[in-house]
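Remarks on the overall topology
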Amino acid sequence: MDEKVVMHREQLVSKCRDYINMICEKCGRKGLGRRPLNIAIVGAQGCGKSSFINSLAASLSQDTWIEYAMTGYRDGVNPVTNYISQYPECCNGDRQMYKTVLLPTLIDIPGPIDNDVDHRRKKFLQLLFYGHVKNSAAATQVYADCDRRWNDLLEKYFMVYSDMKVDRVIFVASAANERLPHSLMKCVMDAARPPPHFRGLKRQIPVYGVLTSLDKVNYTNREQFETNREEFMKALGLHEGRLLCCSNYCDLTDPHKERFRNILPSLDLPILEFFVQVCERKVHTVHDDDKMVDLPTQFRGVWRKLGSTWQPVVFSLALAIFAFILMYIVHAAFFTSEQDMLQERGDNDDQNIRTLSKVLQSTSSFRIAIVTALVTFVIAMRCHFD
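Residues numbered from 1 in each chain as written. Predicted model: local features only at pLDDT ≥ 70, side-chain atom pairs only at ≥ 80, totals over all residues. Heavy atoms only, no water.

Counting 50 residues, the largest nonpolar core has Ile 84, Phe 124, Phe 129, Val 169 and Phe 232 as the members making the most contacts within it. Sort the elements by how many residues they give to this core and helix α6 (residues 182-192) lands first, with seven residues. If near-sequence neighbours (up to four positions away) are discounted, Phe 232 is found in contact with Phe 171, Ala 173, Leu 180, Met 185, Gly 209, Val 210, Leu 211, Leu 238 and Leu 243. Counting residues in hydrophobic clusters, the runner-up holds 36 residues, among them Phe 52, Tyr 87, Cys 90 and Val 172. (Core = buried A, V, L, I, M, F, W, Y, C linked by side-chain atoms within 4.5 Å. Buried < 20%, exposed > 50% of the residue type's maximum accessible area, 1.4 Å probe, protein only. Helix = DSSP H or I, 4+ residues; strand = E, 2+ residues; numbered from the N terminus. Contact = heavy atoms within 4.5 Å.)

Following this line, the structure appears as structure tokens:
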């Protein structure tokens, strides 16, 4: 290999390591009571989301490229990514250099979202950004559920998964496409940074943008690319510091399959430089503690989750507990009044007798309350099944 080429590569590798050190500093260290940043990777079908995740993982590894996120199409039409997938520690948690570093978690959102209607896309993204969609959930099922009324939807997805609550959104689009997914970008912005009074949601999540397939831009489509770039930045409210134009690891950028043996620092450098900005923890999510589901909705959600099998059991148990408390209070109050009457007549002056009377009263009240509760439980269950 030419000496100048070797020197140039070493310079690129050195710069990459500098950026990696900056990323480690921005992410912070484990054991300080903080959770890692959760970064949602969103974009239209086939734009290069999974490829970007693999490229980012390779850039951080400074080793070789590995296909952590599956790419491609089944039968040449349907994408192979159908489930919401989580990639903890940017797929590099097992490397010694990151053992103490709180690397972000990447969340890959399947592409069918770009073929759906806007109201379902917004609902889905809102559920996801607030952490109400669990890892490995089937995206198509969640989209189908988003046809429900908003309150019904919240009752089904009432649980919050802290490891899925989104802190950053990276919108990915292809630099080689003639048209940008404007409708999808608007849905993402409405969900990540909702306007005031929009369903009462307040969280304002930082949004970043990535234009991939820069290697496909040439003199024939350069003008179209520049136009799309400006539109992309305007639609997502980006400035240069939150925009990345890059090429992913792929056969076009690496026809000799060098990525399976080594990294490509010329591809890594812009990705790492961009990721330094994404990992900056001083950039906060405004109203981060805002909740989508209130307490009554959570109770209704829990009740629905119990299903027809356990609902009557829980209801009967609640009635039995209520009957126990009520009978215990009534019975104890009756004995107390009886004891007061005896004391007024002077029939119960001895302290030992009074103490024994209280013990017997408490034991008797407890037994009667237990019997009442059991009878109430049995009757309630029989009424349900009859």
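Now that the structure is up, let's keep going.
On to the packing of helix α3 (residues 118-129) against α6. It is at 9 Å that the axes of α3 and α6 come closest, and there the two elements cross at 40°. With respect to α6, the axis of α3 lies oblique. Crossing handedness for the pair α3 and α6: right-handed. Between α3 and α6, the contacting residues are Asp 118, Arg 121, Lys 122, Leu 125, Gln 126 and Phe 129 on the first element and Ser 183, Leu 184, Lys 186, Cys 187, Val 188, Asp 190, Ala 191 and Ala 192 on the second. The class makeup of the residues in the contact of α3 with α6 is seven nonpolar, two polar and five charged. (Axes fitted to C-alpha atoms, helices over the stretch in contact; angles between N-to-C directions. Parallel < 35°, antiparallel > 145°, perpendicular 65-115°, else oblique. Left-handed = near helix turned anticlockwise from the far one by under 90°. Nonpolar A, V, L, I, M, F, W, Y, C, P; charged D, E, K, R; others polar.)

This part takes up a nonpolar patch on the surface. On the surface, Leu 317, Ile 321, Ile 325 and Ile 329 cluster together to form a nonpolar patch covering roughly 380 Å² of accessible area. Checked against the element boundaries, Ile 321 lands in helix α9 (residues 295-345). Assessed through its relative accessible area of 47%, Ile 321 is described here as partly exposed. (Patch = residues over 30% accessible without salt bridge, like charges linked within 9 Å, V, L, I, M, F, W, Y side chains within 5 Å. Areas by Shrake-Rupley, 256 points an atom, 1.4 Å probe, with all protein chains shown as cover. Salt bridge = Lys/Arg side-chain N within 4 Å of Asp/Glu carboxyl O.)

In this structure, the second largest pocket encloses a volume near 240 Å³. Along the walls of the second largest pocket sit 14 residues, with His 132, Lys 134, Lys 156, Tyr 157 and Tyr 161 positioned nearest its centre. Per-element accounting of the lining of the second largest pocket gives the leading share, three residues, to helix α4 (residues 139-145). A class-by-class count of the residues in the lining of the second largest pocket yields eight nonpolar, two polar and four charged. (1 Å grid on protein atoms, 1.4 Å probe; cavity = no way out; pocket = protein on both sides within 12 Å on 5 of 7 lines; lining within 4 Å. Points joined across faces, edges and corners; volume = space filled by probe spheres on them.)

So, on to the pairing of strand β7 (residues 207-212). Counting buried positions over the six residues of β7 gives six, a clear majority of the element. With six bridges connecting them, strand β6 (residues 168-174) and β7 associate as parallel partners. Its bridge partner being in β7, Ala 173 is matched across the sheet by Leu 211. Note that the unit made of β6, α6 and β7 has a crossover that is right-handed. Where β7 and strand β8 (residues 243-245) come together, three bridges link them in parallel fashion. Looking at the pairing, Gly 209 lines up with Leu 243 of β8. What joins β7 to β8 is helix α7 (residues 222-236), and the crossover it makes is right-handed. (Pairing = 2+ DSSP bridges. Right-handed = clockwise from strand over helix to strand, strands pointing away.)

Positive phi is not limited to glycine here, since Ser 136 has a value of about 70°. With respect to the secondary-structure elements, Ser 136 resides in the loop between α3 and α4. For Lys 257, which is not a glycine, the phi torsion comes out positive at approximately 60°. Looking at where Lys 257 falls in the secondary structure, it is placed in the loop between β8 and α8 (265-278). By relative accessible area, which is 33% here, Lys 257 ends up partly exposed.

Counting buried residues along α6, eight of its eleven residues qualify, which places the element largely inside the surrounding structure. For α6, the full list of buried residues reads Leu 184, Met 185, Cys 187, Val 188, Met 189, Asp 190, Ala 191 and Ala 192. For α6, the secondary structure elements touched by its buried residues are β1 (38-43), α3, β6, β7 and α7.

The end-to-end C-alpha distance of α7, which contains 15 residues, comes to 21 Å, matching closely the 21 Å that a straight helix rising 1.5 Å per residue would cover. Of the residues making up α7, those classed as buried are Phe 225, Asn 228, Arg 229, Phe 232, Met 233 and Leu 236. Within α7, the buried residues cover an arc of 135° as seen down the axis, which keeps them to one side. Of the exposed residues in α7, those oriented more than 90 degrees away from the buried face are Glu 223 and Lys 234. Check the buried side of α7 and you find it contacts β6, α6, β7 and β8. In the segment just after α7, Gly 237 is the residue with positive phi, at about 65°. (Expected span 1.5 Å × (residues − 1). Arc of directions from axis to C-beta.)

This next bit is on the pattern of salt bridges. As enumerated under the stated definition, the model contains 19 salt bridges in all. For Asp 167, the salt bridge is made with Arg 35, and the minimal N-O distance between the two is 2.7 Å. Here Asp 167, found in the loop between α5 (150-156) and β6, pairs with Arg 35, found in the loop between α1 (3-27) and β1; they are 132 residues apart in sequence, far enough to count as distant. Exposure remark for Asp 167: the relative accessible area of 6% places this residue in the buried category. Two residues, Arg 222 and Glu 226, come together in a salt bridge whose shortest N-O distance is 3.6 Å.

Throughout the structure, instances matching the rule amount to five aromatic pairs. Between Phe 171 and Phe 232, the ring centres sit 6.1 Å apart and the planes meet at 55°, which makes this aromatic pair tilted. Residue Phe 171 is located in strand β6, and its partner Phe 232 is located in helix α7; the two are separated by 61 residues in the primary sequence. Relative accessible area serves as the criterion here: at 0%, Phe 171 is assigned to the buried category. Between the aromatic rings of Tyr 208 and Phe 274, the centroid separation amounts to 6.2 Å while the plane-to-plane angle is 85°, which identifies the pairing as edge-to-face. Taken as a pair, Tyr 208 in strand β7 and Phe 274 in helix α8 lie far apart in primary sequence, 66 residues in all. The class of Phe 274 is buried, set by a relative accessible area of 4%. Over the ring of Trp 65 we find Arg 259, and its NZ or CZ is 5.1 Å from the ring centre. (Phe/Tyr/Trp six-rings, centres within 6.5 Å; stacked < 30°, edge-to-face > 60°. Lys NZ or Arg CZ within 6 Å of the ring centre and 35° of its normal.)

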